[in-house]
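Residues per chain, in single letters:
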Amino acid sequence: QELALKSLGNEGLFLFSSLDTNKDLYLSPEEFKPIAEKLTGVSPVSESEEEETLDPDGETLSIVAKFQPLVMETMTKSKDGFLGISHVALSGLRNWTAPAAPMSVLLARQFKAFLPPKNKVDLGDPWWIIPSELNIFTGYLSNNRFYPPPPKGKEVLIHKLLSMFHPRPFVRTRFAPQGAVACIQASSSFYYTIAFRIHAEFQLNEPPNFPFWFSPGQFTGYIVLSKDSSHVRDFRLFVPNNRSLNVDMEWLYGASESSNMEVDIGYLPQMELESTGPSIPAVIHDENGNVIDSRDPSGEPIQFVFEEITWQQQIPWQEAAHRLEVAMYPFKKISYLPFTEAFERAKAEKKLVHSILLWGALDDHKASVPLPVPGSGRTLRETVLESSPILALLNESFISSWSLVKELEELQSNRENEFHSKLAELHLEKYNFPVEMIICLPNGTVIHHINANYFLDITSMKPEDVESSIFSFSSNFEDPSTATYLQFLKEGLQRAKPYLQS
């Protein structure tokens, strides 16, 4: 390591390390491939792609990419004019103004990656297209990488689709939950509608610049395809844009994994792939098996007529999306309602509101919190919020919600509804960066709250070292964080007793 540093220098070793995936201080031909491709401009076709191209009579699907770049003004750093941030650091982001491939033609059979396994043919029963290989115990993948590893198996199609947006998609994110999950939304005799959710990210910079990670909260969408995957009727993939922030960004400032990392969030108006119509035969045969021209005598393309699909079973899109969300995030087994709706439900059911207020989203794949990874939002959702005792108590006695600070600031400044504005104000008064857990009455009065960093600090200490008597550890649970969060919730219920009994 010292010799390498002496030979290559800081930045040279940084580039070498980003390619040396197995950390053996030796670059194999496979590891050197990204640089070779960059120098020669030649990208070899992967074996799995070559296999697919051997189907001359298969149908092809035309897909268009629609992309509107990130709105720079939505980044927190824009408020001080990106003070102290070098222009080079953001160059990959600023230069990404259009999709890498506005249109692509793929073989319909490549989409068989979306078909369910034989044991997953019930509506809404999720399966993993690309399984997540990370969890709270395995940690996370290196930030110091520029080039995605070669995709394998079902990753090939996802990689190909995401490459329409940008040439360097990583189909496995650095943080859990990774991968892609799907379920059947509708079924007919010959067709499925498959709903899916993908967690992937992009590397926007290349050497000599340092890595810049661009991580949309999620990709979701659906595909209508025949059960033998020979025909695709419809396809759509997109990043949801219904919340005020939907992308997390992280970039390194120096030539080492421990270098300062800058973090921000922002809003991406559009990132979408859509089929232009159903898949059509690449080659057309007449009734005698002879190949005929795909255009009629006047030069117009031949129009195909497709039978109407009669769905025998289907579930609503919202239900399918929720099933996928719960597969990715077990803490979502209980509903997290929109902020104002949670208070209305709590009033109707005479329950308390359990609210989580964050700088970045709780149910996007990175829980955008600018802290040393793992961020506190991510740690919460992968530990206490998933545990059975917490889920049971929240389901029984609370209405849950999570909100972005930015959304509540907008709600507070909107004076059209004074009650909603006051609810937001009461929440923001108690907020401390980066995540605040709050328990309140249906009228918005906060009766208990705790900051996530403080919570994680005290639960990482030995019980005898915790001086504060605010939280006590229960011997019934081995996990101190679960015991402490249960105590937090129970103390909120205790303080609310006078209200709940009235």
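Procedures and definitions
Residues numbered from 1 in each chain as written. Predicted model: local features only at pLDDT ≥ 70, side-chain atom pairs only at ≥ 80, totals over all residues. Heavy atoms only, no water. Helix = DSSP H or I, 4+ residues; strand = E, 2+ residues; numbered from the N terminus. Buried < 20%, exposed > 50% of the residue type's maximum accessible area, 1.4 Å probe, protein only. Contact = heavy atoms within 4.5 Å. Areas by Shrake-Rupley, 256 points an atom, 1.4 Å probe, with all protein chains shown as cover. Pairing = 2+ DSSP bridges. Phe/Tyr/Trp six-rings, centres within 6.5 Å; stacked < 30°, edge-to-face > 60°. Axes fitted to C-alpha atoms, helices over the stretch in contact; angles between N-to-C directions.

With an unreviewed UniProt entry as reference, the protein is termed SELN protein, source organism Malurus elegans.

Time to look at the overall build of the protein. Scanning the protein from N- to C-terminus turns up 13 helices and 22 strands. Every one of the 502 residues in the protein was classed for burial, and the buried ones make up 51%. Residue pairs at least 24 apart in sequence account for 71% of intrachain contacts in the protein once pairs closer than 6 positions are excluded. Entry remark: accessible area of the protein is about 23,900 Å², with carbon and sulfur atoms responsible for 52%.

We now examine the sheet that holds strand β7 (residues 201-203). The antiparallel open sheet is built from five strands, whose spatial order is β4-β7-β8-β11-β12. Bordering the open sheet on either side are β4 (169-170) and β12 (261-266), each of which pairs with just one other strand. In terms of strand pairing, strand β11 (residues 247-252) meets β12 through six bridges, oriented antiparallel. In the sheet register, D248 faces β12, and the bridge partner there is I265.

Summed over all chains, the structure comprises 22 aromatic pairs. Ring centres of F67 and W96 lie 4.7 Å apart, and the angle between their planes is 25 degrees; on these two criteria the pair is classed as stacked. Of this pair, F67 sits in strand β1 (residues 59-68) while W96 is found in the loop between α4 (91-94) and β2 (103-107), placing the two residues 29 residues apart along the sequence. Note on accessibility: F67 and W96 belong to one class, buried. Put simply, the rings of F67, W96, F165, F202, F214 and F219 pair up and form one aromatic cluster.

Take the sheet that holds strand β20 (residues 398-404) next. What the five strands build is an open sheet, ordered β18-β20-β19-β21-β22; its pairing is mixed. Only two strands of the sheet have a single partner each, and these edge strands are β18 (336-337) and β22 (446-451). Where strand β19 (residues 352-358) meets strand β21 (residues 435-440), six bridges bridge the pair, whose relative direction is antiparallel. Its bridge partner being in β21, V353 is matched across the sheet by C440. Against the sheet, helix α10 (residues 405-413) engages β19 and β20, with an angle of about 90 degrees to β20.

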